[in-house]
Structure formats: C-alpha cells, structure tokens
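# Fold and contact review
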Amino acid sequence: MADGTTTSEQVSARIDTTIPHSARMWDYWLGGKNYYEVDKAAGDQVRSIHPGILDYARADRAFLGRAVTHLAGEAGVRQFLDIGTGLPTSENTHEVAQRIAPDARIVYTDNDPIVLAHARALLTSTPEGVTDYLDADLHDPDAILREAARTLDFTEPVAVMLLGIVMFVEDTDRARAIVKRLMDAVPSGSHLVLSHTITAPGLDDVDAAVEYWNSVGTPKLHQRTPEEVSRFFDGLELLEPGVVSCSRWRPESSPSGELPDEVAFYCGVGRKP
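Thresholds applied
- Residues numbered from 1 in each chain as written.
- Predicted model: local features only at pLDDT ≥ 70, side-chain atom pairs only at ≥ 80, totals over all residues.
- Heavy atoms only, no water.
- Salt bridge = Lys/Arg side-chain N within 4 Å of Asp/Glu carboxyl O.
- Helix = DSSP H or I, 4+ residues; strand = E, 2+ residues; numbered from the N terminus.
- Buried < 20%, exposed > 50% of the residue type's maximum accessible area, 1.4 Å probe, protein only.
- Disulfide = S-S within 2.5 Å.
- Axes fitted to C-alpha atoms, helices over the stretch in contact; angles between N-to-C directions.
- Parallel < 35°, antiparallel > 145°, perpendicular 65-115°, else oblique.
- Left-handed = near helix turned anticlockwise from the far one by under 90°.
- Contact = heavy atoms within 4.5 Å.
- Nonpolar A, V, L, I, M, F, W, Y, C, P; charged D, E, K, R; others polar.
- Core = buried A, V, L, I, M, F, W, Y, C linked by side-chain atoms within 4.5 Å.
- Pairing = 2+ DSSP bridges.

### What to know about the pattern of salt bridges
Taken as a whole and judged by the stated rule, the model has eleven salt bridges. Close ionic contact of lysine 180 with aspartate 184 constitutes a salt bridge, the shortest N to O distance being 2.8 Å. Of this pair, lysine 180 and aspartate 184 are both found in helix 8 (residues 172–184), four residues apart, which corresponds to roughly one turn of the helix. For the salt bridge of glutamate 237 with arginine 271, the shortest nitrogen-to-oxygen distance reads 3.7 Å. Pair noted here: glutamate 237 is in strand 6 (residues 237–238) and arginine 271 is in strand 8 (residues 265–271), with a separation of 34 residues, a long-range link. A residue is classified by how much of its surface remains accessible, and arginine 271, at 31% relative accessible area, is partly exposed.

### Quick look at the state of the cysteines
Considering all chains together, one arrives at zero disulfides under this definition. Cysteine 246 carries a free sulfur, and the closest cysteine sulfur to it, the one in cysteine 267, is 3.8 Å from it.

### Thoughts on the packing of helix 2 (residues 22–29) against helix 3 (residues 37–49)
Interhelical geometry of helix 2 versus helix 3 gives an angle of 70 degrees and a closest axis separation of 9 Å. If you check the angle between helix 2 and helix 3, you find them roughly perpendicular. Along this stretch, helix 2 crosses helix 3, giving a crossing that reads as right-handed. Between helix 2 and helix 3, the residues in contact are Arg24, Met25, Tyr28 and Trp29 and Val38, Asp39, Lys40, Ala42, Gly43, Asp44, Val46 and Arg47, respectively. Looking at the contact of helix 2 with helix 3, its residues break down into six nonpolar, one polar and five charged.

### Section: the nonpolar core
Core analysis: the largest hydrophobic core is formed by 85 residues, its most contacted members being Phe80 and Leu162. When residues no more than four places from it in sequence are discounted, the contact partners of phenylalanine 80 are Val68, Leu71, Ala72, Thr93, Ala97, Arg105, Ile106, Val107, Leu152, Ala159 and Met161.

### Quick notes on unusual backbone geometry
What you tend to see is this: most non-glycine residues have negative phi, and most peptide bonds are trans. Threonine 218 connects to proline 219 through a cis peptide bond whose omega is -10 degrees. That bond from glutamate 240 to proline 241 is cis: its omega, 10 degrees, falls within 30 degrees of zero. Its location among the elements puts proline 241 in the loop between strand 6 and strand 7 (244–245). Its identity as a non-glycine residue notwithstanding, arginine 250 has a phi of 50 degrees, on the positive side. Position of arginine 250 relative to the elements: it lies in the loop between strand 7 and strand 8.

### Focus on helix 7 (residues 141–148)
Among the eight residues that make up helix 7, six are buried, leaving the element largely enclosed by the rest of the structure. Buried within helix 7 are the following residues: Pro141, Ala143, Ile144, Leu145, Glu147 and Ala148.

### Notes on the pairing of strand 8
Of all seven residues that make up strand 8, six are buried, and the element is covered over most of its length. The sheet contact formed by strand 5 (residues 191–197) and strand 8 spans seven bridges and is antiparallel. Directly across from histidine 196, in strand 8, lies its bridge partner tyrosine 266. For strand 6 and strand 8, the ladder comprises two bridges, and the chain directions are antiparallel. Within strand 8, the position partnered with glutamate 237 by the bridge is arginine 271. Sheet topology note: the strand 7/strand 8 ladder contains two bridges and is antiparallel. Each residue of the ladder has a partner; that of serine 245, found in strand 8, is tyrosine 266.

Okay, structure coming up:
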C-alpha cells in the first residue's frame, strides 16, 4: 500500500456496523462474506422492492471483466486506476489484467474502511506487475492522482475505472468535473470505463428501491438518465456499442444470438484521442 494509509486500528474504528453500507451490501449480493446483518437486511429489502437488483451486480461485474480483457489485450493498456474498488472478490481488475499482461500495474482506490481492511490481504500481484491500494475519496481527484503517481506513470496510457462510484456524487456538474479532472491527467490512448445506475420512464421499482436505500443506507445514491451518463464521455471516442446496459456491452455470444436482458445499470468505455 502507498505510504500514509491508515493503520488497522484506525480502520476498525471507522467501520460502522449499525448502518447498511453499499459496498458490503454489494458483497452480499455477489455471494461474498464481508457484510453484517444490517447489510443483509437492507439488501433483502431492496431485492423485495426490485427483484432484478442481483442482475445489476452480476452484469456490472461481468462488464468489468470484459472491459479489462479488451483493454489489457487488444488495446494494449498496462496501467489501471480503479476508483471505488469495493470489496475484493473473484476476477478483480488486477487478476483479469495480469492474466493477459503480467506486467500490468493496478492502483485501487476506495475510502470504505471495511474495503481497506481486506485490501492488504486479498489484493496481490504477479512478480512482473504491481498492485497498490489507496485510502482516498473520489471527491478529491487531485489527491488520488498525486498518490497514484507513486505507482503509475501518467505519461503512458491509463484506464480510469469508475464502476458504480460516480453515482455517489450528488451534484451532476461536480461529478462531471471530477471525471474530467481525472481524464485531463492521463495521456492520449487512455480510457474511461464507467458504469452508473439509471432512471427512466417505466423504472418505478428501481426508483423505489433507490429511495428506500437512501432512507437507510450510506452513501446516498443518485440516479441519472442514460443521456446524463453518456455526457461523462464527452470529448472521448466511445467504443462500440456505446453507452448501454451493462449486460449488453459486448456480451458473450449465445446460440440464439439474442441479447441478454437489459438492466437499469448503464456503462461505456471511451478512449482519449
């Protein structure tokens, strides 16, 4: 881990087991074990309001794997800045990237204390590559860039990964400014990989589930329309198929040729020209 990270005692003191937390609830939905009863109860209630929420978690995770596979393979990217890491599970960014390119360098960033508590034990690296972890907040992109520069070379292309994290920035203008600041700091050939929950006509159960979560959990979640999600890629070259449901971003081919069901969690990958 980078210098200046908090101690294990400080991390433990920051973990609040009385309020549901999104990272722990996501871990519960993905079949992990790093959650508390309060997270399970909230997760079950969200599922009762919107049963398809498990599909979101799985689709977002599968999108991560397909995007990193493309970037580390065909696109030749060797550096990844994964902000809003969440709890380590299987097929993390470094595992996918280093399986293709053993010399890949990955910096994870999160400010959830339970994520930090597990990061040291679970995030490893190949001998040729590097995996590091920063205790930092997306709301302070300058701090992230400053600390990440200890591991990443910002004169070479970087994949900036923002999966399911920008939705926790309340103000849309500020969210766009944060994404722009991160992309301004990386050179041509870098990529933005972003996913975000959406709101749209006909998604009343999704809206209700978000409303419930915001009444009991932390951090608060802010939905955006598909058009608003697309604006995060302004100035970038969107890779096909553009900004779409996570389940429909370059899905594995099926015998029938049919697209998988759409989920109200949209994503895209954009290249900096």
